[in-house]
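Below are the chains, spelled out letter by letter.
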Amino acid sequence: GIAVATERKAERWFLGLDKGAFDNAVLLCQRENGEVMVFCIPEQFFKLHGNKMSQSNNQIKFNVVKRGAIYYLTVLGTDSVKISEYIKDFSILK
């Protein structure tokens, strides 16, 4: 699945993908300056955290936040999960 969002609040992006319609996710987060951060989230991430992610209207919701130099994805019941390691990691697309 591929989801796109613009930065509406400083260093925050809110995205969604239809539940059950993807194994891996590519999150395209556009900064105010036009730069696009590309996060390639692998299936294994969803096996570990998918059932704890926010859901609404039959969609999985992705709340991406940057704190300092680290990017996080909000996962219920955690302090958020680091996703910086997935920036431009295109290995899931092979």
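This text gives an overview of the structure that appears in the document.

Turning next to the overall build of the chain. When you go through the chain residue by residue, the secondary structure sums to 1 helix and 8 strands. Taken from the N to the C terminus, the helices and strands of the chain come in the order β-β-β-β-α-β-β-β-β. Computed over C-alpha atoms, the radius of gyration of the chain comes to 12 Å, within 12% of the 12 Å expected from 2.2 N^0.38 for 94 residues, which places it in the range of a compact globule. Within the span of the chain, comprising 94 residues, buried residues form 39% of the whole. Put simply, of all contacts in the chain between residues at least 6 apart along the chain, 47% involve residues at least 24 apart. Between the mean site of the 13 positive side-chain charges and the mean site of the 10 negative ones, the chain shows a separation of 3 Å.

Cut-off values and rules
- Residues numbered from 1 in each chain as written.
- Predicted model: local features only at pLDDT ≥ 70, side-chain atom pairs only at ≥ 80, totals over all residues.
- Heavy atoms only, no water.
- Helix = DSSP H or I, 4+ residues; strand = E, 2+ residues; numbered from the N terminus.
- Rg over C-alpha atoms; globule rule 2.2 N^0.38 Å.
- Buried < 20%, exposed > 50% of the residue type's maximum accessible area, 1.4 Å probe, protein only.
- Contact = heavy atoms within 4.5 Å.
- Lys, Arg positive; Asp, Glu negative; His and termini not counted.
- Charge placed at Lys NZ, Arg CZ, Asp CG, Glu CD.

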